[in-house]
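# Fold and geometry: a report
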Amino acid sequence: MEVKIEKSWKEALQAEFDKPYFAALVDFVKREYATKKIFPPAPLIFNAFDQCPLDEVKVVMLGQDPYHGPGQAHGLCFSVNDGVDFPPSLVNIFKEIERDLHIPVPSTGNLLRWAKQGVLLLNATLTVEAHKAGSHQGKGWETFTDAVIRVLSEKRENLVFMLWGSYAQQKGVLINHSKHLVLRSVHPSPLSAYRGFIGCGHFSEANEFLISKEKTPIQW
(Lines give C-alpha, C1' and ligand atoms only; values in the text may rest on other atoms or scores of the structure.)
Protein backbone atom coordinates (compact mmCIF):
# COMPACT_ATOMS: atom_id res chain seq x y z
CA MET A 1 0.00 0.00 0.00
CA GLU A 2 1.20 3.52 -0.81
CA VAL A 3 1.42 5.59 2.38
CA LYS A 4 2.56 9.22 2.55
CA ILE A 5 5.21 9.12 5.25
CA GLU A 6 8.86 10.19 5.59
CA LYS A 7 11.16 8.09 3.37
CA SER A 8 13.22 6.27 5.99
CA TRP A 9 10.10 5.25 7.89
CA LYS A 10 8.39 4.19 4.68
CA GLU A 11 11.22 1.80 3.89
CA ALA A 12 11.39 0.41 7.43
CA LEU A 13 7.62 -0.06 7.77
CA GLN A 14 6.65 -1.15 4.25
CA ALA A 15 5.98 -4.70 5.46
CA GLU A 16 3.33 -3.32 7.83
CA PHE A 17 1.71 -1.21 5.12
CA ASP A 18 1.31 -4.34 2.99
CA LYS A 19 -0.49 -6.38 5.68
CA PRO A 20 -4.28 -6.96 5.63
CA TYR A 21 -4.82 -5.29 9.01
CA PHE A 22 -3.35 -2.03 7.71
CA ALA A 23 -5.61 -2.03 4.65
CA ALA A 24 -8.59 -2.50 6.95
CA LEU A 25 -7.33 0.29 9.20
CA VAL A 26 -6.97 2.67 6.24
CA ASP A 27 -10.53 1.88 5.11
CA PHE A 28 -11.84 2.59 8.61
CA VAL A 29 -9.91 5.85 8.96
CA LYS A 30 -10.99 7.10 5.53
CA ARG A 31 -14.67 6.44 6.39
CA GLU A 32 -14.27 8.24 9.72
CA TYR A 33 -12.71 11.35 8.15
CA ALA A 34 -15.42 11.37 5.47
CA THR A 35 -18.32 11.24 7.91
CA LYS A 36 -17.17 12.66 11.27
CA LYS A 37 -14.88 15.23 12.85
CA ILE A 38 -11.58 13.44 13.36
CA PHE A 39 -8.28 14.65 14.84
CA PRO A 40 -5.55 15.38 13.94
CA PRO A 41 -6.15 16.89 10.47
CA ALA A 42 -5.59 14.07 7.97
CA PRO A 43 -2.29 15.41 6.55
CA LEU A 44 -0.82 15.32 10.08
CA ILE A 45 -1.59 11.69 10.97
CA PHE A 46 2.07 10.72 10.46
CA ASN A 47 3.51 14.06 11.57
CA ALA A 48 5.63 12.47 14.31
CA PHE A 49 7.42 10.39 11.68
CA ASP A 50 7.67 13.18 9.12
CA GLN A 51 9.35 15.49 11.65
CA CYS A 52 11.76 12.88 13.04
CA PRO A 53 13.34 10.45 10.53
CA LEU A 54 14.22 6.97 11.78
CA ASP A 55 17.98 7.51 11.82
CA GLU A 56 17.63 10.79 13.75
CA VAL A 57 15.59 9.43 16.67
CA LYS A 58 17.27 9.79 20.07
CA VAL A 59 14.31 9.71 22.45
CA VAL A 60 10.92 8.00 22.13
CA MET A 61 8.06 9.50 24.14
CA LEU A 62 4.94 7.37 24.08
CA GLY A 63 1.41 8.68 24.45
CA GLN A 64 -1.91 6.89 24.06
CA ASP A 65 -4.44 8.94 22.03
CA PRO A 66 -4.36 12.26 20.19
CA TYR A 67 -6.09 15.13 21.98
CA HIS A 68 -9.77 15.20 20.98
CA GLY A 69 -10.54 18.91 21.36
CA PRO A 70 -10.58 21.49 18.53
CA GLY A 71 -7.18 22.80 17.44
CA GLN A 72 -5.17 20.66 19.85
CA ALA A 73 -3.86 17.54 18.08
CA HIS A 74 -1.28 17.91 15.34
CA GLY A 75 0.25 14.45 15.23
CA LEU A 76 2.79 14.78 18.06
CA CYS A 77 1.95 13.20 21.42
CA PHE A 78 1.42 15.61 24.34
CA SER A 79 1.93 18.57 21.96
CA VAL A 80 -0.58 21.26 20.99
CA ASN A 81 -0.53 23.94 18.31
CA ASP A 82 0.78 27.42 19.06
CA GLY A 83 -1.76 29.53 20.92
CA VAL A 84 -3.66 26.56 22.37
CA ASP A 85 -3.98 26.28 26.16
CA PHE A 86 -1.73 23.62 27.69
CA PRO A 87 -3.62 20.40 28.51
CA PRO A 88 -3.11 19.23 32.12
CA SER A 89 -0.57 16.50 31.31
CA LEU A 90 1.55 18.94 29.34
CA VAL A 91 1.41 21.40 32.23
CA ASN A 92 2.90 18.72 34.47
CA ILE A 93 5.55 17.78 31.90
CA PHE A 94 6.70 21.40 31.84
CA LYS A 95 6.59 21.53 35.66
CA GLU A 96 8.92 18.54 35.88
CA ILE A 97 11.30 19.99 33.28
CA GLU A 98 11.39 23.22 35.27
CA ARG A 99 12.05 21.32 38.53
CA ASP A 100 14.57 18.94 36.94
CA LEU A 101 16.54 21.26 34.66
CA HIS A 102 15.54 24.77 35.85
CA ILE A 103 14.16 25.57 32.39
CA PRO A 104 11.26 28.06 32.57
CA VAL A 105 7.85 26.95 31.31
CA PRO A 106 7.68 27.94 27.63
CA SER A 107 5.09 30.22 26.07
CA THR A 108 3.90 27.53 23.63
CA GLY A 109 2.92 23.90 24.00
CA ASN A 110 4.06 23.11 20.48
CA LEU A 111 6.72 20.39 20.88
CA LEU A 112 7.86 20.49 17.26
CA ARG A 113 11.15 21.86 18.60
CA TRP A 114 11.68 18.54 20.39
CA ALA A 115 10.81 16.47 17.32
CA LYS A 116 13.37 18.41 15.28
CA GLN A 117 16.03 17.41 17.84
CA GLY A 118 15.26 13.69 17.62
CA VAL A 119 12.34 13.14 20.00
CA LEU A 120 9.77 10.81 18.42
CA LEU A 121 6.45 11.94 19.91
CA LEU A 122 4.49 8.77 19.26
CA ASN A 123 0.88 8.09 20.18
CA ALA A 124 -0.14 4.43 20.26
CA THR A 125 -3.33 5.39 18.40
CA LEU A 126 -2.86 8.01 15.69
CA THR A 127 -6.44 9.25 15.19
CA VAL A 128 -9.49 9.98 17.35
CA GLU A 129 -13.06 11.23 16.93
CA ALA A 130 -13.77 14.70 18.29
CA HIS A 131 -14.68 14.69 22.00
CA LYS A 132 -14.53 10.86 22.18
CA ALA A 133 -11.32 9.76 23.87
CA GLY A 134 -10.24 6.28 22.84
CA SER A 135 -12.74 6.09 19.99
CA HIS A 136 -10.16 4.73 17.49
CA GLN A 137 -8.53 2.25 19.82
CA GLY A 138 -8.62 -1.40 18.79
CA LYS A 139 -8.87 -0.62 15.07
CA GLY A 140 -5.29 -1.51 14.13
CA TRP A 141 -3.25 1.51 15.10
CA GLU A 142 -1.77 -0.27 18.12
CA THR A 143 -0.54 -3.12 15.92
CA PHE A 144 1.17 -0.59 13.69
CA THR A 145 2.76 1.46 16.49
CA ASP A 146 3.93 -1.71 18.24
CA ALA A 147 5.76 -2.52 15.00
CA VAL A 148 7.27 0.98 15.08
CA ILE A 149 8.63 0.34 18.59
CA ARG A 150 10.07 -3.02 17.48
CA VAL A 151 11.76 -1.38 14.48
CA LEU A 152 13.31 1.25 16.72
CA SER A 153 14.48 -1.37 19.20
CA GLU A 154 15.99 -3.59 16.52
CA LYS A 155 17.46 -1.10 14.04
CA ARG A 156 18.77 1.54 16.44
CA GLU A 157 21.01 1.55 19.53
CA ASN A 158 21.23 3.70 22.65
CA LEU A 159 17.77 5.25 22.44
CA VAL A 160 15.87 6.58 25.44
CA PHE A 161 12.29 5.32 25.79
CA MET A 162 10.03 7.31 28.13
CA LEU A 163 7.14 5.12 29.27
CA TRP A 164 4.73 7.03 31.49
CA GLY A 165 1.68 5.29 32.95
CA SER A 166 0.64 1.66 32.88
CA TYR A 167 -0.45 1.69 29.23
CA ALA A 168 2.91 2.93 27.99
CA GLN A 169 4.82 0.67 30.36
CA GLN A 170 3.17 -2.39 28.79
CA LYS A 171 5.12 -1.55 25.62
CA GLY A 172 8.36 -2.22 27.48
CA VAL A 173 8.24 -5.88 26.40
CA LEU A 174 8.83 -4.73 22.79
CA ILE A 175 12.14 -3.04 23.68
CA ASN A 176 15.59 -4.59 24.03
CA HIS A 177 16.60 -3.23 27.43
CA SER A 178 20.24 -4.20 26.91
CA LYS A 179 20.49 -1.81 23.93
CA HIS A 180 18.36 1.07 25.15
CA LEU A 181 17.55 3.11 28.27
CA VAL A 182 13.94 2.58 29.36
CA LEU A 183 12.57 5.17 31.80
CA ARG A 184 9.31 4.36 33.60
CA SER A 185 7.02 6.54 35.68
CA VAL A 186 3.38 7.13 36.49
CA HIS A 187 1.52 9.25 33.92
CA PRO A 188 1.85 13.05 34.05
CA SER A 189 -1.94 13.47 34.23
CA PRO A 190 -3.28 15.35 37.29
CA LEU A 191 -4.61 12.04 38.65
CA SER A 192 -1.14 10.60 39.12
CA ALA A 193 1.56 13.21 38.47
CA TYR A 194 2.28 13.82 42.16
CA ARG A 195 2.62 10.09 42.83
CA GLY A 196 5.98 9.92 41.09
CA PHE A 197 6.06 11.83 37.81
CA ILE A 198 6.95 15.12 39.47
CA GLY A 199 10.41 14.30 40.74
CA CYS A 200 11.18 11.48 38.28
CA GLY A 201 14.14 13.33 36.76
CA HIS A 202 13.66 11.70 33.37
CA PHE A 203 14.69 14.73 31.35
CA SER A 204 18.10 15.12 32.98
CA GLU A 205 18.56 11.34 33.03
CA ALA A 206 17.83 11.13 29.29
CA ASN A 207 20.36 13.87 28.54
CA GLU A 208 23.03 12.31 30.74
CA PHE A 209 22.57 9.03 28.89
CA LEU A 210 22.75 10.71 25.47
CA ILE A 211 25.92 12.55 26.46
CA SER A 212 27.44 9.29 27.71
CA LYS A 213 26.82 7.82 24.25
CA GLU A 214 28.41 10.87 22.58
CA LYS A 215 25.08 12.22 21.36
CA THR A 216 23.89 15.82 21.57
CA PRO A 217 21.47 16.25 24.51
CA ILE A 218 17.94 17.52 23.98
CA GLN A 219 17.18 21.17 24.65
CA TRP A 220 13.98 20.56 26.58
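About the thresholds
Residues numbered from 1 in each chain as written. Predicted model: local features only at pLDDT ≥ 70, side-chain atom pairs only at ≥ 80, totals over all residues. Heavy atoms only, no water. Phe/Tyr/Trp six-rings, centres within 6.5 Å; stacked < 30°, edge-to-face > 60°. Helix = DSSP H or I, 4+ residues; strand = E, 2+ residues; numbered from the N terminus. Buried < 20%, exposed > 50% of the residue type's maximum accessible area, 1.4 Å probe, protein only. Pairing = 2+ DSSP bridges. Axes fitted to C-alpha atoms, helices over the stretch in contact; angles between N-to-C directions. Contact = heavy atoms within 4.5 Å. Parallel < 35°, antiparallel > 145°, perpendicular 65-115°, else oblique. Nonpolar A, V, L, I, M, F, W, Y, C, P; charged D, E, K, R; others polar.

So, about the packing of aromatic side chains. In total, this model carries 18 aromatic pairs according to the counting rule given. Between the aromatic rings of Phe 22 and Phe 144, the centroid separation amounts to 5.5 Å while the plane-to-plane angle is 55 degrees, which identifies the pairing as tilted. Linking Phe 22 in helix α2 (residues 20-35) with Phe 144 in helix α6 (residues 141-155), this pair joins segments that are 122 residues apart in sequence. Residues Phe 22 and Phe 144 agree in their burial class; the two are buried.

The strand order across the open sheet formed by four strands is β3-β2-β5-β6, and the pairing between neighbours is parallel. Every other strand in the sheet has two partners, leaving β3 (119-123) and β6 (181-185) as the edge strands with one partner each. With direction set aside, neighbouring strand axes in the sheet form an average angle of 20 degrees. Sheet analysis places strand β5 (residues 160-164) next to β6, joined by five bridges and oriented parallel. Across the sheet, the residue bridging to Phe 161 is Val 182, located in β6. The strands touched by helix α8 (residues 202-212) are β2 (59-63), β5 and β6; relative to β5, the strand with the most contacts, the crossing angle is about 165 degrees.

A word on the packing of helix α4 (residues 88-101) against α8. Interhelical geometry of α4 versus α8 gives an angle of 60 degrees and a closest axis separation of 8 Å. Between α4 and α8, the angle falls in the class oblique. Packed against α4, whose contacting residues are Ile 93, Glu 96, Ile 97, Asp 100 and Leu 101, the element α8 presents His 202, Phe 203 and Ser 204 at the interface. Looking at side-chain class alone, the contact of α4 with α8 contains four nonpolar, two polar and two charged residues.

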